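Chain by chain, the residues run as shown.
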Amino acid sequence: THWEDYRSTIQSVAVEEGVESIGRYSLSKIGELERVSILSSVAAISSNPFTKCHKLAGITIQRSNPRYAPEGGVLFNKEKTLILSCPQTMSGDYSVPEGVEKIGEGAFSGCIGLTSVTLTSSVIRIGVSAFENFPNLGSIALPSELEVIGS
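Description of the sheet that holds strand β9 (residues 92-95)
Read from one edge to the other, the open sheet built from three strands follows the order β9-β11-β13, with strand pairing classed as parallel. Here the strands that pair on one side only, and so sit at the sheet edges, are β9 and β13 (139-141). On average, each strand axis in the sheet is inclined to that of its neighbour by 15°, with strand direction left out of account.

Quick look at the structure:
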């Protein structure tokens, strides 16, 4: 049996102690995935590894993790200067917290329920495909301080 055989039925993933990194797309396209919990040993998470997980409601991180922290289901770096992943079940309006400097690659990709995202003046970088597959986005105001917008 292969990983692909289970991908369509998995509802929860626990990244156990000892795992040090979560690679790009490693947990993507898991159609029934609702919950992800990550323990303290994870020191590297590539750009949004949870793309196309349309039922994912949020990510929990062990408090002792030195690099990452969730807030309202959204995955941030510990300093909360980088948004790595927004759960695709989020809907309505989302305001990026003050102090966030970068929206990571694919961070809001596939968030079909969101209708607007408000960026604060602290945002200076938007990663590649940060708002890809975002069909209901009505508008987004780009701050004048913005320096880089990825493709």
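Observations concerning the sheet that holds strand β12 (residues 125-126)
Strands sit in the order β6-β7-β8-β10-β12-β14 across an open sheet of six strands; the sheet is mixed. The two strands at the open ends of the sheet, each matched to only one other strand, are β6 (68-71) and β14 (148-149). Sheet topology note: the strand β8 (residues 82-85)/strand β10 (residues 102-103) ladder contains two bridges and is parallel. Looking at β10, one finds that Ile 83 is bridged to Ile 103.

Topic: the packing of aromatic side chains
Tallying each qualifying case throughout the model produces two aromatic pairs. Taking 5.8 Å as the distance between ring centres and 50° as the angle between the ring planes, the aromatic pair formed by Tyr 94 and Phe 108 counts as tilted. Residue Tyr 94 is found in strand β9, and its partner Phe 108 is found in the loop between β10 and β11 (114-118); the two are separated by 14 residues along the sequence. A ring pair is formed by Phe 108 and Phe 131, whose centres lie 5.2 Å apart and whose planes are at 15°; its orientation type is stacked. Here Phe 131 lies in the loop between β12 and β13 and Phe 108 lies in the loop between β10 and β11, a separation of 23 residues in the sequence. Through successive ring pairs, a cluster of aromatic residues spans Tyr 94, Phe 108 and Phe 131.

Re the side chain of Thr 120
With respect to the helices and strands, the residue Thr 120 is situated in the loop between β11 and β12. Within the structure, the side chain of Thr 120 is placed 2.8 Å from the side chain of Ser 122, a separation counted as a polar contact. If we skip the residues at most four places from it in the chain, Thr 120 touches Val 96, Pro 97, Glu 98, Gly 99, Val 100 and Pro 143.

What to know about the pattern of salt bridges
Applying the stated criterion across every chain yields a total of four salt bridges. With a shortest N-O distance of 3.4 Å, Glu 105 and Arg 24 are connected by a salt bridge. Taken together, the residues span a long stretch of sequence, with Glu 105 in the loop between β10 and β11 and Arg 24 in the loop between β2 (21-22) and β3 (35-38) at a distance of 81 residues. Among the residues examined, Glu 105 registers a relative accessible area of 31% and is labelled partly exposed. In this structure Arg 24 comes out as partly exposed when scored by relative accessible area, which is 44%. One salt bridge in this structure joins Glu 32 and Lys 55, with 2.7 Å as the shortest N-O distance. Linking Glu 32 in the loop between β2 and β3 with Lys 55 in the loop between β4 (44-45) and β5 (58-61), this pair joins segments that are 23 residues apart in sequence.

Thresholds, definitions, all that
Residues numbered from 1 in each chain as written. Predicted model: local features only at pLDDT ≥ 70, side-chain atom pairs only at ≥ 80, totals over all residues. Heavy atoms only, no water. Pairing = 2+ DSSP bridges. Helix = DSSP H or I, 4+ residues; strand = E, 2+ residues; numbered from the N terminus. Axes fitted to C-alpha atoms, helices over the stretch in contact; angles between N-to-C directions. Phe/Tyr/Trp six-rings, centres within 6.5 Å; stacked < 30°, edge-to-face > 60°. Polar contact = N/O pair within 3.5 Å; in protein donor to acceptor, adjacent residues only side chain to side chain. Contact = heavy atoms within 4.5 Å. Salt bridge = Lys/Arg side-chain N within 4 Å of Asp/Glu carboxyl O. Buried < 20%, exposed > 50% of the residue type's maximum accessible area, 1.4 Å probe, protein only.

By themselves these figures say nothing about function.
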